[in-house]
Amino acid sequence: MLKKLFLPLFLLFCFSFCQAATEVPVEMVGKNKGEVKIINKDGVDFVEALRLSKILQLQTSWFGRSGQLNLKGGAGFFCVLREGDSYALIKGEKYSLQAPAFIEDGTLYVPLSFFNSDKIRFYSTYQTELSGGKIIIEKLYNIELLEVKNNDNKADIIFKTKGPMSFNKDNRGKYFAEVFFPRAVVKREDTIRPKNEFIDRIKIRQTDEGTSLTVQLKGRGNNWDVFQQGDYIALSCGEGEPVSPLGLYASNTAAPLEPSASGVLNKPSVLDEGDIALSPKDDITELGDEFFASSSSAGSSSKPSATKVTVVNKLVTAREYEERKNTSAGERKFRILIDPGHGGKDPGAVKRGSSKEKDINLEVAKTLYNLLKKERGFEVKITRDKDVFITLGNRAKMGNDFKADVFVSIHANAAKLVSANGFEVYFRSDKASDAEAAETAALENEALQYEGKEGGKVTFADLLLKSLANNENINQSSKLAGHIRNSVSKKSSSLGIKVRQDNAIRQANFYVLRGVHAPAVLVEMGYLSNANDRKRLNTKSVRQKMAESIRDGIVSYAKAEGWR
């Protein structure tokens, strides 16, 4: 009897606490971004954290053994999520989760509400919600196009705002109406061609300073004006005197803000009673969920007073906005640092009948740089574009200062055995994958002899911190290496340089990769000590194809990681 009773209870327990994952589509700013898994557990929706983080274009580092996921984003955002924890560590402070994170089938699940919390929204500028059987990700906006209405004698373009909104209007010629909304963030950029006799085209665009509306008018629509009532704004155009269409929309009559040149971006926000807005000159110190704005006034003591400011969805000063506008998820470009190995007094490998390694590296790297600059959504820098010497430590520092998402160092190999040949790509590890990899690392690290005082002193703490930073990116570095290896392999026959699938990806302790806080690889295009590889690398068309192949690998990696 007990056995019969126990079995149904056990199955009920399993069903309640081990619900199967369901794949749901993800729509980000109107575009399909694939699917993620959702598990509903005790009424809480959990989402696979790694996949959704990548869609939100956060940098991710997954440590399977410890069940830990590290997230990095703009404005210094750093977060740690761990299996079993009922909190997230955000910049070293605990932020409570709706329910503890857990692992199912090797995947870390966290409450979906975490990705829509004020803490995350402050750094990502996106809001996330589960609606209609799919996850919808939208920008944090404060103005959206509601509708375009057509009547017999006029047309109206209706906008809905979140709170007071200022605007400037301009008549650029007889058939163009322009309206600019300072500090506004529009929900969706769009170009619309209404089918009416008043408007030819509507163009809505986001700029760094606000939202612009450009309306190209037809003959019957050249009389126009802009009206505002409450949280609604309308551009009305037609043959006669423009009349406001907002009587049916507005429910309140909040006064519009005066246009301001302060540059403060007012994200969708509601201030609690007694709160104050911040000016660009305010000095803001973050303390948990509160901010303190310090300011000095005439006649006050030299020590500034601190005014408590509780912020809902945050007010961002011009200084912060400038820092973040190119780094927020969905807006920030994929940053690539290309590093031509050696240079100046460091020639690299030198062999008879061959250009110096430093010159081959530079030509391929500059070609790669120019190819990547043409790619949509990429921001590219190069450590040197001429024959100059740069210390290994400074190369890594350039990558970190640029906040690179990937670091690719370009080299040509050499070995004692003239039979050694082929393309290889390395990522850093304290222990080399084999003796040949160790020899290659030793050869490339010989650049340290040229540094002298330029290299600076390296303490144990420096090495420890660099090691920790690099360990977070080892998995991603190996993925990047794989994409580059596969792309070069596809063109191996036309390159005339072998790419061995079994050992073309290797690990070794390269000094130049040590301090890079991003996925980093060192490419060895071939062996200058080998007659065939040397001949091929001294051929201009081969160097061009090599750059194209590496470009293809970087693009492939970016797509796989959700950047494209």
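My aim in this report is to walk through the structure given alongside it, one point at a time. (Residues numbered from 1 in each chain as written. Predicted model: local features only at pLDDT ≥ 70, side-chain atom pairs only at ≥ 80, totals over all residues. Heavy atoms only, no water.)

## Structural notes on the environment of Ser549
Moving on, step 1. With respect to the helices and strands, Ser549 occurs in helix α13 (residues 540-560).
Moving on, step 2. C-alpha of Ser549 to C-alpha of Leu368: the two residues are 181 residues apart in sequence and 9.1 Å apart in space.
Moving on, step 3. In this structure, Ser549 is in contact with Ser487, Val488, Lys491 and Leu495, ignoring residues within four places of it in sequence. (Helix = DSSP H or I, 4+ residues; strand = E, 2+ residues; numbered from the N terminus. Contact = heavy atoms within 4.5 Å.)

## Quick look at the sheet that holds strand β20 (residues 223-229)
Moving on, step 1. The sheet built from four strands is open, its strands ordered β13-β14-β21-β20 with antiparallel pairing. In the strand order of this sheet, the two ends are held by β13 (143-150) and β20, each with one partner. Averaged over all neighbouring strand pairs, the angle between strand axes comes to 15°, with direction disregarded.
Moving on, step 2. Where β13 meets strand β14 (residues 154-161), seven bridges bridge the pair, whose relative direction is antiparallel. Among the inter-strand pairings, Asn150 is bridged to a residue of β14, identified as Ala155. (Pairing = 2+ DSSP bridges. Axes fitted to C-alpha atoms, helices over the stretch in contact; angles between N-to-C directions.)

## Quick word on the sheet that holds strand β16 (residues 176-182)
Moving on, step 1. A sheet is described by the order of its strands in space; here five strands give the open sequence β15-β16-β19-β18-β17, paired in antiparallel fashion. Edge positions in the sheet fall to β15 (168-171) and β17 (190-192), since each of these pairs with one other strand and no more. Within this sheet the neighbouring strands show an average axis-to-axis angle of 10°, counted without direction.
Moving on, step 2. The pairing of β15 with β16 spans four bridges and is classified as antiparallel. Along β16, the bridge assignment pairs Asn168 with Phe180.

## Let's talk about the packing of helix α5 (residues 357-373) against α13
Moving on, step 1. Between α5 and α13, the shortest axis-to-axis distance is 9 Å and the interhelical angle comes to 50°. In terms of their interaxial angle, α5 and α13 are classed as oblique. In the crossing of α5 with α13, the sense of the turn from one axis to the other is right-handed. From α5, Ile360, Glu363, Val364, Thr367, Leu368, Leu371 and Leu372 reach across to α13, where they touch Lys540, Arg543, Gln544, Met546, Ala547, Glu548, Ile550, Arg551 and Ile554.
Moving on, step 2. Per-class residue counts for the contact of α5 with α13 are nine nonpolar, two polar and five charged. (Parallel < 35°, antiparallel > 145°, perpendicular 65-115°, else oblique. Left-handed = near helix turned anticlockwise from the far one by under 90°. Nonpolar A, V, L, I, M, F, W, Y, C, P; charged D, E, K, R; others polar.)

## Examining helix α6 (residues 392-401)
Moving on, step 1. Within α6 the residues assigned to the buried category are Leu392, Arg395, Ala396 and Gly399. Relative to the axis of α6, the buried residues are bounded by an arc of 95° and lie together on one face.
Moving on, step 2. Once α6 ends, the next one or two residues include Lys403, with phi positive near 60°. (Buried < 20%, exposed > 50% of the residue type's maximum accessible area, 1.4 Å probe, protein only. Arc of directions from axis to C-beta.)

Honestly, that's just the spatial picture; any functional story needs more than this.
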